[in-house]
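# Observations on the three-dimensional arrangement
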Amino acid sequence: MPEGASAGAVGSGGTGMASGVPDARAAVEAACRAADGRRAALRAWSVEDLRGLARRRLPRAIFETFDGGAEDESTLRDNREAFARRRLMPRVLVDVARVDPSTRLLGAPSALPIAVAPTGAAGFGRHGADVMIARAAAHAGIPYTLSTSATASIEQVADQAGGRLWFQAYIVKDRSFTFRLIERARVAGYEAVMITVDLPVGGKRERDFRNDMSIPFRYTPRNLLDFATHPVWSLNMLARGVPVMENLRGIAPAATTAKGIVSTAGRNYDPSFDWDGLRAVRDAWPRTLIVKGIVRPDDAVRALELGVDAIVVSNHGGRQLDGGIATLDALPGVLRAVAGRASVLVDGGVRRGADVVKALAMGADGVLVGRATLYGACAAGQAGALRALEILRDEVERTMRLCGAPTVAAITADLLADGLPPPPLR
Ligand SMILES: Cc1cc2nc3c(=O)[nH]c(=O)nc-3n(C[C@H](O)[C@H](O)[C@H](O)COP(=O)(O)O)c2cc1C
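Computed from a prediction, not measured in an experiment: that's the story for all the values here. (Residues numbered from 1 in each chain as written. Predicted model: local features only at pLDDT ≥ 70, side-chain atom pairs only at ≥ 80, totals over all residues.)

A count of helical and extended segments in the protein gives 17 helices and 12 strands. Counting only residues that meet the buried cut, the protein has 54% of its 426 residues in that class. The contacts in the protein between residues at least 6 apart in sequence include a share of 77% that link residues at least 24 apart. (Helix = DSSP H or I, 4+ residues; strand = E, 2+ residues; numbered from the N terminus. Buried ≥ 20, exposed ≤ 12 C-beta atoms within 10 Å, placed from the backbone. Contact = placed C-beta atoms within 7 Å.)

Next up, the structure:
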């Protein structure tokens, strides 16, 4: 949905559900606040705990559209398993009384080797989720990427969040529309534009079909029951209205059927976007340019030749091409091809601090996290997104200590066990 159905402008901002007596609305909002699980999120000890809280709070159709991947979800699973296949060889007897996980990402300081990945449609999980996640990132001292398909506008996030901001641009068929978005990001002070290149067409996300998930929502018996059994979420939507993809206002016809999800994506994203198109973006954007969605060494080299500053090795969190390579498996080839000439980040399946350390030991400059902060925001708003980042920070620091690596510079390739048999799959 977020990159598929999400391609459409979503409704008009009203729900058609709320009839709006102000007192009733205030009461509903108070009930939602009281029941929103904030306390529970602060007792979450892992990203997986936050995922569980998000699952309980969200209707199945919404949770699964965030959680799921394409087709058989083999790439979604393999992203995680690729981390499990790598094992660490900790150094001992190193003074780790102090550890410092700070680094430089794309030429500027970051408190952690982590940035937040763009996740469209976050507001369908919780009203205001984009700003909440952006504020959590600013608070944690790491960059945040706003999606084209966000439910907050470019300017709103710049005004309300602060911190280091990157803007992720999809290339839609009306290219001038995308260039206007990029210009708005420049005026609003975003330091980087990220072009996502793995979505010429929406992936086939079958969970969305099975759940009657589309934007705008279709009220089928299945999802009415789903919404009715998740009253906190439903009352919130009732009180505050269904969110809108603010940056896509006016561009896309909405999907009206579940099958329309994929075709809506197809109607809006520009499948003819190619290297010449990327060159035009490079010419138009004077600041840092990131390309996200590269897994091949030859594509990485072509991107570098066009003057791209950073590459994100990504398969869209397993949501696009099923059967595609796990990002951690693709990372070494891209790193060899880039050979230090640009920053290389990786995303897909990062759920633990040890995952971050493994990616760095393999040579990545940092990682992006998508679902981790999204689960947190769905579970408990800004506090939940921040909790996700706190958990990751704690785990990164702990892993660095346990590995005898007091600084990011000390996270080197020798920390990885080579040639051990993979652990059995559970
Ligand atoms: C709900 C959801 C929405 C997403 N929306 C976008 C998007 O709008 N633009 C984009 O480039 N990637 C999008 N992605 C992909 C993420 O940026 C990122 O590549 C992926 O989530 C990383 O995997 P992880 O979720 O396992 O961390 C989305 C991912 C999810 C889960």
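Further remarks concern the nonpolar core. Ranked by size, the top nonpolar core spans 127 residues in total, and within it Ile133, Phe167, Val193, Ile311, Val313, Val334 and Val367 carry the most contacts. Looking at this core, the element that brings in the most residues is helix H17 (residues 371-402), giving 15 residues. Excluding its chain neighbours within four sequence positions, the residues that come into contact with Ile311 are Val291, Ile294, Ala300, Ala303, Val334, Val338, Ala342 and Val344. (Core = buried A, V, L, I, M, F, W, Y, C linked by C-beta atoms within 7 Å.)

Within the chain, Ala121 stands out as a residue other than glycine whose phi angle is a positive 65°. Along the chain, Ala121 falls in the loop between strand E4 (114-116) and helix H6 (129-140). Its identity as a non-glycine residue notwithstanding, Asp212 has a phi of 55°, on the positive side. Mapped onto the fold, Asp212 is located in the loop between helix H9 (206-210) and helix H10 (221-228). The partly exposed category is assigned to Asp212, around which 18 C-beta atoms lie within 10 Å.

It is worth spelling out helix H15 (residues 327-338) at this point. The terminal C-alpha atoms of H15 lie 16 Å apart, and with 12 residues this matches the ideal 16 Å at 1.5 Å per residue to within 8%. Within the sequence span of H15, burial applies to Thr327, Leu328, Ala330, Leu331, Val334, Leu335, Ala337 and Val338. Angular distribution of buried residues about the axis of H15 spans 155°; they occupy a single face of the element. Those residues of H15 that are buried are in contact with helix H5 (74-85), strand E8 (288-294), helix H14 (297-305), strand E9 (310-313), strand E10 (343-347) and helix H16 (353-362). Downstream of H15 by a residue or two, Ala339 has a phi angle that is positive, lying close to 50°. (Expected span 1.5 Å × (residues − 1). Arc of directions from axis to C-beta.)

Turning to its location among the elements, Asp276 is positioned in helix H13 (residues 275-284). When the C-alpha atoms of Asp276 and Leu306 are compared, they prove to be 9.3 Å apart, with 30 residues separating the residues in sequence.

Now for the site of the ligand. Taken together, 24 residues sit near the ligand, with Ala117, Gly120, Ser147, Gly317 and Gly370 positioned nearest. Among the residues making up the shell around the ligand, the classes are represented as seven nonpolar, 12 polar and five charged. (Near = placed C-beta within 6 Å. Nonpolar A, V, L, I, M, F, W, Y, C, P; charged D, E, K, R; others polar.)

Now for H6. In an α-helix, one turn spans 3.6 residues; hence positions three or four apart end up facing the same way. Helix length check: H6, at 12 residues, gives a terminal C-alpha distance of 16 Å against a target of 16 Å (1.5 Å per residue), a fit within 8%. For H6, the buried fraction is high: 10 of the 12 residues fall into the buried class. In the core, the buried residues of H6 are packed alongside E4, strand E5 (144-146), helix H7 (154-160) and H17. Immediately beyond the C-terminal end of H6, within one or two residues, lies Gly141, with a positive phi of roughly 80°.

We now examine the pairing of strand E7 (residues 192-196). When you tally the buried positions in E7, you get five out of five residues, the bulk of the element. Across the two faces of E7 the burial is the same, with Ala192, Met194 and Thr196 and Val193 and Ile195 all buried. Direction of pairing for strand E6 (residues 165-169) relative to E7: parallel, over a ladder of four bridges. Bridged to Trp166 within E7 is Ala192. Bridge analysis of E7 against E8 gives five bridges, and the strand direction is parallel. (Pairing = 2+ DSSP bridges.)

Moving on, we get to the environment of Ala405. Secondary-structure assignment places Ala405 in the loop between H17 and strand E12 (416-417). Other than its neighbours up to four places away in sequence, Ala405 contacts Met400, Ala410, Ile411 and Leu415.

With that out of the way, let us pick up the packing of H14 against H15. The interhelical angle for the contact between H14 and H15, taken along N-to-C directions, is 35°, at an axis separation of 8 Å. Crossing of H14 against H15: the hand is right-handed. Every residue of H15 that contacts H14 at Pro297, Ala300, Val301 and Leu304 is listed here: Gly333, Val334, Arg336, Ala337 and Val338. (Axes fitted to C-alpha atoms, helices over the stretch in contact; angles between N-to-C directions. Left-handed = near helix turned anticlockwise from the far one by under 90°.)

What follows concerns the pairing of E6. Counting buried positions along E6 gives five out of five residues, so the element sits mostly inside the fold. In E6, alternate side chains face the same way, and those of Leu165, Phe167 and Ala169 on one face and Trp166 and Gln168 on the other are all buried. Bridge analysis of E5 against E6 gives three bridges, and the strand direction is parallel. Bridging from a neighbouring strand, Thr145 pairs with Trp166 of E6. Between E6 and its parallel partner E7, the chain crosses via helix H8 (residues 175-187), and the hand of that crossover is right-handed. (Right-handed = clockwise from strand over helix to strand, strands pointing away.)

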